[in-house]
Amino acid sequence: MSKIGVFVCHCGENISRTVDCARVAKASGQIRGVAVAKDYKYMCSDPGQALIKNAIKEHKLDGVVVSACSPHMHEKTFRKAVTEAGLNQFLCEMANIREHCSWVHEKEEPTTRKAIELVRLMVEKVKRNMALEPIRVDVTKRALVIGGGVAGIQAALDIADGGHEVILVEKDPSVGGHMAQLSETFPTLDCSQCILTPKMVDVGSHPNIKLYTYSEVEKIEGFVGNFKVTIKKKARSVDIDKCTGCGECQLKCPSKKIPSEFDRGLKNRTAIYIPFPQAVPARPVIDREHCIYFTKGKCKACQKVCPTEAVDFEQTDEYVEEEVGGIVVATGFDLYTTDKQGPYPDYKGYGEYGYGEDPDIIDGLQFERLASASGPTGGAIQRPSDGKEPKSVVFLQCIGSRHPSKGIEFCSKICCMYTAKHTMLYKHKVHHGTAYVFYMDIRAPGKGYDEFVRRAIEEDGAVYLRGRVSRIYRSGDHLIVKGADTLSGAAVEIEADMVVLATAVMPQPGIEGLFQKLGISYDQYKFASEAHPKLRPVECATAGIFLAGACQGPKDIPESVAQASAAASKALILFSRDQMLREPVVAKVNENTCIACWYCVEICPFTAISKKDIRDRQGNLIKRVAEVNPSLCTGCGTCAATCFSNSIDLDGFTDEQIYSEINSLMAVGQDLFPEPEKAEGDSPDEKAA
Amino acid sequence: MSESPQSETQKDGAGLPEAATSWEPRIVAFICNWCTYTGADLAGTSRMKYPPYVRVIKIPCTGRFDPLFMIKAFERGADGVLVSGCHPGDCHYTAGNYNARRKYTVFKALLETLGMDMDRVWFSWISASEGGKWVDTIRKFTEVIQEKGPFREYREMIDVG
Amino acid sequence: MSDRTDKIREVARKWLADGTVEAVVGWEQGTYREKCSPVLVRKPEDADRLLFNDRCTNNLMTYLKRDPVRGMEKVGVVAKGCDIKSLIGLLQESQVEREKVMVLAVTCEGVKKDDGTVPIKCQACDVNTPTFYDEIVGEKVASNPDPEARFKDLEKLDAMTPAERNSFWREELDKCIRCYACRQACPLCICSRCIAEKNQPQWVETSPHPRGNFSWNLVRAYHLAGRCVECEACETACPVNIPLMLLNRAMARTVKGAFDYEAGKDPEVQPPLRTFNLDDDNSFIL
Ligand SMILES: Cc1cc2nc3c(=O)[nH]c(=O)nc-3n(C[C@H](O)[C@H](O)[C@H](O)COP(=O)(O)OP(=O)(O)OC[C@H]3O[C@@H](n4cnc5c(N)ncnc54)[C@H](O)[C@@H]3O)c2cc1C
Ligand code: SF4
Ligand code: SF4
Ligand code: FES
């Protein structure tokens, strides 16, 4: 017979105000199998816990029900307490008589009765609880970081500095991401490359970092602590070990008219190219789509000129496998393009603004390149159409962002700041020019941010107009920008030499393919979703996968870096132990009755169940049964509810436990508890039954 | 109506004194640990009020819900059964609730065919932030059950056994 | 008909003689009126016991899941189109390996019940000429299913109020003596230990009182939802004539309406309770 202890908490007056706790304890004491039942003012306090621990020892309890607040509140506390008294933690359960009872009902008889029934329900469950041991899973102490923007770089460096190996996978030929393209950065206006390049170099040379550029994640198997990753190294056509990065090939390549991605089309590059001078690795790659040899069958100019014979036209995509324990996703963002047909088919562009048609209408990143000392103009602000210095520039904010009719409701967060920065960079270079900004609201919370915007307006004289622009059209040498200033109510028309659109921050197009491989969720825009928006902002719901940077939502550099370090620390926490402990709420198969119908195998959302052969000593197949991998099982119980032969059950929520809980509800007329006065009349024999 | 169905728990219960005889609604709610349970917790922390006749049985996920649970609950005298979990797309285990929804669809049709009173069988999605929805649901369900009275049809059957 | 009998014997004899199969499950002349009964033929010379006529109502697929057939390396089975539907179910649920079964299909104009009437499954038959087999005998028979036939009987249930339906069923189910003949006859009741016999915990009470009977019949129908191929074996087997097919067809109608699924059609398709769709009906959930 069970020896259960029931401990009823008053929670100060939080419970006892509406529930008669003494009576709950008394009635609980009469449930068969209950050896001791006590009430106390604060069960979670030290003396309260001591009371439980002593009772466990004194009565040799084999189960405990703490009747108090929600298990989400204090289950851990009490499970720890019972362990200290030598009882297996999974023999302790909580009956929720606060959130589910005292706080939501009036002080009346049925409320106390409900509390008693909730206790009884849990007593019946605990009687069937089993001592369980947490599941131990070995941890591979290596990390995979996907994406080599500033977030990925920071996460990789932190984990590597923490002493663990990192595999960094970047799809482009160089790490750096968008930050490498920026000129100066808000709110301090320091040069982006000056602060980023040293980190890029560190990533390239760190002994703990294995860098795969021009590579993508092909496949991911396994689970937290034990992921197996297949990486596709795209054919670079250059042997980066032989190559010294001298750049001779670029000079000789006859295919020179390819718009440079790095300069966002404001400059051309060759077919064999190093994306930008500070690239890491500073090694070229052949863009096979534009290479004359690959398209026409002859040329090989680069191979002829290469002093180290590094150019290799035969190279093919290569697949490598890496084992890692944790993954940081840092795939960053892309900009919404305002072309009529951008990369995001679900969103309507801004045909009315003429982006992609008129060369003097550019986006924010193009402006960064124009303003950058390493950019196509060497840092001089010149308009793309004819290289003239623009006398007036109109900046439009919220292009796409906060525009539900264009398909996007969110705020891109960084544009207010970088537009202010752009007006300053412009004014610092074109002293007599005028910068106009059309905005909806200025959102500049953050350390030094509002001051920065004010400076743009007050010191650098940027003209801020609150309103949207309805149309932009060309009139001779100028662009006419027609809009409204909603503050004055006046229609405005500005003659501009150049227009800069602050387009929305979007996830990388097609990134959901990677997220699906990883088994992580994403929102309607395909930004990766965190496990909890407030309390677990860097973890994915899938264990062992963490998020860093703009892949999760629009972020500026300080935020991306902070999150990257947070993700790294989560990975380091994971790596701090040789083995991980997991809740032993996992499914188990009854091999005797399993009929190998594979319903569970098909239905398990975590592919935790596989098919197992049972053989005799001679190796003859006797039968096949389902088998649960406890490291993969998350304990949802879908299999247990689906198996019609009832051959698979879920520890912690077994059929027997649930059955007993239901049974405890009793049939009509049998479930009733004493009115206070009647309670005195219990006969002792009845109790002994 | 005989009043002495035999089962283990009743034997257990025999130690408990008998009391009130007037009928009170008895609602059993199978709710998932992540959304609805937390939603019901929130109703508590927000000190919302609802009638005290619901008994919660926590399951990890609606995916764990086997329709047998519902039958057993009715056999044990429930006047109404609610099953509630995370909204589609929000299941902690990604797909438990989608699988559950198929089971509901089939089982509900079966109960309908058998002429069960479907006002006594409710399904809902209640998120961790919908304390208010939990309260409304329980209130409304209790009202319906109170209006209908005890689940006589089923109880007659139980008591014959 | 006799023509088919000859051909069945011929093929069975050949299969048994050349070792294609260890045994053939088929029908033979029964001992009671014109009824036919199942037979397991192991020797070529016994092939002549086999026959086919409109009294070959039994669904022989049930034997595939039972000893001794279950343990055989390869077995032949004579099957009407409707019987093959249950084979497809068994294949979907990995209860039978396709390589281990030789299907000797026979075209069929319909069979008769013991009382001489035509079963609903034959009125609604769309597989008079089977399409899934290893060998087929008999002239091609065009299918001409009566579209109403399948769910016609449900209409009278639909027309009742819930309370009327409930008392209808309580009366019917009260008759149940818990002999489990329905389960034994069902080709898709595949559990080695039925939930009704599991007692830890005992979800279904075993004694034949209304409460237990109700639960048992409910569970049986639920566990066959989306799996039952409407072969009518259970109803035929029931000694107290409970209209079990009404429950089964109600389930079939639901599964068809909600998931556009029909059991026994395609071995490659997932049974409906083994999968889901994101846009499954959500309208009944608050
Ligand atoms: C015009 C403009 C101006 C800005 N100015 C400032 C500023 O002044 N100050 C400031 O703080 N912030 C500024 N920002 C914001 C800043 O650019 C971002 O905060 C930062 O770049 C985010 O870093 P990230 O690493 O998350 O993403 P990214 O920089 O986008 O890097 C992501 C990396 O992941 C790689 N990747 C993507 N998909 C895959 C894949 N499937 N496999 C492998 N690799 C992949 C990409 O190639 C890229 O290298 C500006 C942004 C813009 C658009
Ligand atoms: S669903 Fe049940 S019977 Fe089927 S394979 Fe899984 S455990 Fe075995
Ligand atoms: S409990 Fe859930 S995760 Fe575990 S094996 Fe069953 S279906 Fe898969
Ligand atoms: S966890 Fe709530 S429904 Fe799955």
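Preceding this section is the structure that the text describes.
Residues numbered from 1 in each chain as written. Chains lettered and ligands numbered in written order. Predicted model: local features only at pLDDT ≥ 70, side-chain atom pairs only at ≥ 80, totals over all residues. Heavy atoms only, no water.

(A) Geometry of the nonpolar core. The biggest cluster of nonpolar side chains holds 228 residues, and the ones touching the most others in it are F30 and M70 of chain B. Broken down by element, this core gets its largest block of residues, 9 residues, from helix α9 (residues 244–259) of chain C. In contact with M70 of chain B, other than residues within four places in its own chain, are F65, V81, V83, F107, L111, V121 and F123 of chain B. Judged by nonpolar contacts, the second largest core, of 42 residues, contains M43, L61, M94 and A95 of chain A. (Core = buried A, V, L, I, M, F, W, Y, C linked by side-chain atoms within 4.5 Å. Buried < 20%, exposed > 50% of the residue type's maximum accessible area, 1.4 Å probe, protein only. Helix = DSSP H or I, 4+ residues; strand = E, 2+ residues; numbered from the N terminus. Contact = heavy atoms within 4.5 Å.)

(B) Fine view of the site of ligand 3. C604, C633, C636, G637 and C639 of chain A are the nearest of the 13 residues found near ligand 3. Here the residues of the shell around ligand 3 are counted per class, giving 10 nonpolar, 3 polar and no charged. (Near = heavy atom within 4 Å. Nonpolar A, V, L, I, M, F, W, Y, C, P; charged D, E, K, R; others polar.)

(C) Looking closely at the site of ligand 1. Residues and elements named next belong to chain A. If you check the shell around ligand 1, you find 38 residues, and the closest are E170, H178, K421, K555 and I557. The contact in question runs from an oxygen atom of ligand 1 to an N or O atom on the backbone of F333, over 3.2 Å. Coverage of ligand 1 by the protein chains reaches 97% of its 1000 Å² of free accessible surface. Sorting the residues of the shell around ligand 1 by element identifies α6 (150–161), β8 (184–185), β19 (333–335), α11 (364–371), α12 (415–429) and α15 (557–575) as the ones contributing at least two each. Here the shell around ligand 1 is composed, by residue class, of 18 nonpolar, 12 polar and 8 charged. Two domains each put at least three residues into the shell around ligand 1: domain 2 (137–228 + 323–332 + 508–582) and domain 4 (336–504). (Polar contact = N/O pair within 3.5 Å; in protein donor to acceptor, adjacent residues only side chain to side chain. Areas by Shrake-Rupley, 256 points an atom, 1.4 Å probe, with all protein chains shown as cover. Domains from an automatic or database assignment.)

(D) Structural context of the environment of G89 of chain C. Residues and elements named next belong to chain C. As for its placement among the helices and strands, G89 is situated in helix α2 (residues 81–92). A relative accessible area of 5% places G89 in the buried class. Considering only alpha carbons, one finds G89 and A263, 174 residues apart in sequence, at a separation of 7.0 Å.

(E) Examining the environment of T542 of chain A more closely. Residue and element names in this part refer to chain A. Within the secondary structure, T542 is located in the loop between α14 (512–518) and β29 (545–547). Owing to a relative accessible area of 26%, T542 belongs among the partly exposed residues under this scheme. Separated by 21 residues in the primary sequence, T542 and S521 place their C-alpha atoms 8.5 Å from one another. If sequence neighbours within four positions are ignored, T542 has contacts with L518, G519 and I520.

(F) Seen up close, α2 of chain C. Residues and elements named next belong to chain C. Between its first and last C-alpha atoms α2 spans 17 Å; for 12 residues at 1.5 Å apiece the expected length is 16 Å, and the two agree. What α2 keeps buried is the set G81, C82, D83, I84, K85, S86, L87, I88, G89, L90, L91 and Q92. If you follow the buried residues of α2, they end up packed against β1 (23–29), β3 (75–79), β4 (101–106) and α3 (120–123). In the stretch just after α2, S94 is the one whose phi turns positive, near 55 degrees. (Expected span 1.5 Å × (residues − 1).)

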